[in-house]
Amino acid sequence: MKVQDDIADALKLKEVSLEEVGIPEPSGSNGCKLVLTTRSEHVCKYMGCKVIKVKPLSEEEALILFLNKVGPNIVQSPTIMPTLKLVVNECAGLPLTIVVVAGTMKGEDNPRIWKNALKELKERIGKWKEEAEVIERLKFSFDHLKDEKVKYCFLHCALYPEDFGIEKDELIECWIEEEFIDDMSTRQEMKDKGHVILKKLEDNCLLENVLYERVQMHDAVRDMALSITRMNPRCMIQAGSQLEELPEKVQWSPDIEKVSLMYNSISEISIDVLPTKCQLLTTLLLQENPIKKISISFFINMPCLSVLNLSSTKIKSLPNSISELKNLTTLLLSGCRELRDLPCLSMLQELKKLDLSQTKIEEVPEGMDMLVKLRYLDLQVFSLKEIPAGLLPKLVHLQHLSFEVDNEKTSLKAEEMEPLKKLECFTGRFEDIGELNKFISSMQQSKKNLINYHLQVCSSLPMASGDKTVTIGGVQNWEGELIMHPIEIQELNIFGCDYLRSLVDDNSSFKNAIDLRVCWIWMCEGIECVVSLSSFASSSAHPFQSLEVLNLFNLPKLSALIMKDAGIGSATTSTVAPSACFSHLKEIMIYNCSSMKTLLPHWLLPNLQNLEEIHVSLCDEVVEILGVATSEVEEKGSDALIKFHLPKLRELLFSGLPNLKSICSKSGVMVCDSLNLSKLMKV
């Protein structure tokens, strides 16, 4: 068991009862050992620990570590090596300092810059002792960031709790909100710039990559960042400190600029603790607190407040004093599941981002039509009764717009969307395909492509997770084919469209969906096949050429993936597959398709060389997975074996197939060297 201390609290630490925090007292009988790591020896003494000092790296070890991090071109430079060794010596054998300083100097091949770096390190370290030495060495890397806005981006990470994994996309959004990233023509360009900054901070070892697209600060690096924020900009950071109420008044200095109290247990916000005026306060982060009540006049004395985050609190309403925040650019209320009422927002005319997702509001806040600078609006609210006509056309600067697709009352009209020429990211629901087509046509006319979208037509269904997704449910009359371009669909979900006989035929626009990666078709009672073309050999279409995942659920008439259409009711399987059709398919799942007898015919296999997983369940009539037509057997002779090559197949899972007789036809043999036998299963 390992316990790490927080340096900021080390000097205040008193002896702690291990049992009180759920750690059994180590003893010979329970076999438990406790290892506590700290940079302060007195912490060990307080805890009654045996002190084992971990020595710094030797000169040789330190040099090897530094050279591993600084890059091969530097290692090979004889003019730099003498100075480099002196820089390593200044790192005092501390591994974290070595890694961070090496990351700062990575790729730098100018000897003069190395000599200047050595000079700066010596001057900095000469002024400090003990823990302060570590911070000063790390601050060297911070100072070498050069760009002031990149420095602010780094310091912003210290607003989060210690050892907190920060989602990269969330962090970049924060940088945009704080205007650390210069304004650009599109939001996507700003996000791209954010990723460049992230990479720079990671390369300089000031941020660490962790799981699930997150980054975090090493605790020593965070200590360094906190030491800077106590001076410029002035910050009060008590994130994740188990506070039950706001910090005392003495901590709210009049010149404070940023306050982070996120991830605490604060239930009430009172004005009593504040100074007369928070004249310079620009950022107030209160998210992830069980706040139920905010003082009526709390926001009156915050004239410069720009960013206010109250996400995931328990507030039911906001005080009217929020209308006093005339410089507010960002208001985040996502996940406030008790929030039902907002005051008039008409005075917040500098507002650029408003997030009301997962709240309980029933009406769009009064005065929203005055928020003409809005760029980001999230109204994914199931309880919302309507979108007032004429609202969206006034918000012409919107780049990001989201509505709750499960809410039938918030179906959109294309004419309301037409003025939104700057829209890049959009989630919304249209009443029918005609309205969706009008929207796509208007986007095409304005020569504007959506970068990220989730579009839904008709039925209320859970929205898929892809970046470019269209979901169509319960439509019994297309009223014209869905226009496929310019939106480049990557994920398509078809649900409850019973009149469809096939998804792709000679006249279908889906045959041009060349970017489609994922396709779900479920509960469509009329579907007989996925692809039906009159002549494969002469067809110029390449349906599903990029498709990677195909899921077919509850399709009672489905009998084949591909058919050559010989007339309604008489479609026949082909002996030649359309060129490139399914050529990138990796996963296929077929569930409860009671008319399917043979899953994959032999003639389709040349197109399936990338297939990795086959899952088949509850298909009563399936006799074989890989089949050979009688004509092919006669042509090759009854004794000839036909090989089924599936070189990348790893998983073959079956369940509920009462009539399954074989995986291959008796004239065939399956060749798949990649098959994981533990993933070959019949239930």
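Draft legend 1. Region of interest: the overall build of the protein chain. Summing up its helical and strand segments, the protein chain has 15 helices and 34 strands in all. Considering the protein chain as a whole, with its 683 residues, one finds that 51% of them fall into the buried category. Long-range contacts, defined as pairs at least 24 residues apart, comprise 62% of the intrachain contacts of the protein chain with a sequence gap of at least 6. In the structure as shown, the protein chain presents an accessible area of about 32,300 Å², 50% of it carried by carbon and sulfur atoms.

Draft legend 2. Fine view of the packing of aromatic side chains. In this structure the tally under the stated criterion is 14 aromatic pairs. Within the aromatic cluster, the residues linked to one another by ring pairs are F495, W520, W522, F553 and Y591. Across from the ring centre of Y376, 4.2 Å away, lies the NZ or CZ of K353, which sits over that ring.

Draft legend 3. Quick peek at the environment of L401. Mapped onto the elements of the fold, L401 is located in strand β15 (residues 400-403). Through-space distance from the C-alpha of L401 to that of L423 is 7.5 Å; in sequence the pair is 22 residues apart. Beyond its immediate chain neighbours, meaning those up to four positions away, L401 contacts L377, L392, M417, L420, L423, C425, F426 and T427.

Draft legend 4. Quick look at the sheet that holds strand β23 (residues 529-533). The strand order across the open sheet built from three strands is β21-β23-β25, with neighbouring strands paired in parallel fashion. Edge positions in the sheet fall to β21 (502-504) and β25 (560-564), since each has one partner strand and no second. Neighbouring strand axes in the sheet, compared pairwise and without regard to direction, differ in orientation by 35° on average. With two bridges connecting them, β21 and β23 associate as parallel partners. In the sheet register, S502 faces β23, and the bridge partner there is C529.

Draft legend 5. Geometry of the packing of helix α9 (residues 148-156) against helix α11 (residues 187-203). Running from N to C, α9 and α11 cross one another at 75°; their axes reach a closest spacing of 11 Å. When the axis of α9 is compared with that of α11, the two are roughly perpendicular. Between α9 and α11, the residues in contact are V150, C153 and F154 and I197, K200 and L201, respectively. Looking at side-chain class alone, the contact of α9 with α11 contains five nonpolar, no polar and one charged residues.

Draft legend 6. Highlighting the pattern of salt bridges. Enumeration over the complete set of coordinates arrives at 21 salt bridges. One salt bridge connects D182 with K149, and the closest N-O pair in it is separated by 2.5 Å. With D182 in the loop between α10 (168-177) and α11 and K149 in helix α9, the pair connects residues that are 33 residues apart, well separated along the chain. We note a salt bridge from K258 to E178, for which the minimum N-O separation is 2.9 Å. Placement of K258 in strand β7 (residues 258-260) and of E178 in the loop between α10 and α11 is noted, with a sequence separation of 80 residues between them. For the residue pair K258 and E178, the accessibility class agrees, reading buried in each case.

Draft legend 7. Broad picture of unusual backbone geometry. The residue N592 is not glycine, and still its phi comes out positive at about 55°. Inspection of the secondary structure puts N592 in the loop between β26 (587-591) and β27 (598-601). Overall, the relative accessible area of 33% leaves N592 in the partly exposed class. Backbone geometry at L618 places phi at a positive 50°, although glycine is not the residue there.

Draft legend 8. Main features of the sheet that holds strand β32 (residues 662-664). With parallel pairing, three strands are arranged side by side in an open sheet as β27-β29-β32. At either margin of the open sheet sits one strand with a lone partner, and together these are β27 and β32. Direction aside, the axes of adjacent strands within the sheet are offset by 25° on average. Across two bridges, the pairing between strand β29 (residues 624-627) and β32 is parallel. Across the sheet, the residue bridging to L626 is C664, located in β32.

Draft legend 9. Representation of the confidence of the model for the protein chain. Averaged over every residue, the pLDDT of the protein chain is 84; residues scoring 70 or more account for 85%. Here residues 1-14 is a poorly scored stretch, pLDDT under 50, and it has 31 contacts once near neighbours within four places are set aside; other chains count.

Draft legend 10. Layout of the nonpolar core. Judged by nonpolar contacts, the single largest core of 129 residues is most densely connected at F439 and F582. Per-element accounting of this core gives the leading share, five residues, to helix α14 (residues 433-445). If we ignore the near neighbours within four places in the chain, the residues touching F439 are A414, M417, F426, F430, L450 and L455. If you look at the next biggest cluster of nonpolar residues, it comprises 42 residues, including L138, F142, A158 and L206.

Calculation rules
- Residues numbered from 1 in each chain as written.
- Predicted model: local features only at pLDDT ≥ 70, side-chain atom pairs only at ≥ 80, totals over all residues.
- Heavy atoms only, no water.
- Helix = DSSP H or I, 4+ residues; strand = E, 2+ residues; numbered from the N terminus.
- Buried < 20%, exposed > 50% of the residue type's maximum accessible area, 1.4 Å probe, protein only.
- Contact = heavy atoms within 4.5 Å.
- Areas by Shrake-Rupley, 256 points an atom, 1.4 Å probe, with all protein chains shown as cover.
- Phe/Tyr/Trp six-rings, centres within 6.5 Å; stacked < 30°, edge-to-face > 60°.
- Lys NZ or Arg CZ within 6 Å of the ring centre and 35° of its normal.
- Pairing = 2+ DSSP bridges.
- Axes fitted to C-alpha atoms, helices over the stretch in contact; angles between N-to-C directions.
- Parallel < 35°, antiparallel > 145°, perpendicular 65-115°, else oblique.
- Nonpolar A, V, L, I, M, F, W, Y, C, P; charged D, E, K, R; others polar.
- Salt bridge = Lys/Arg side-chain N within 4 Å of Asp/Glu carboxyl O.
- pLDDT = per-residue confidence, 0-100.
- Core = buried A, V, L, I, M, F, W, Y, C linked by side-chain atoms within 4.5 Å.

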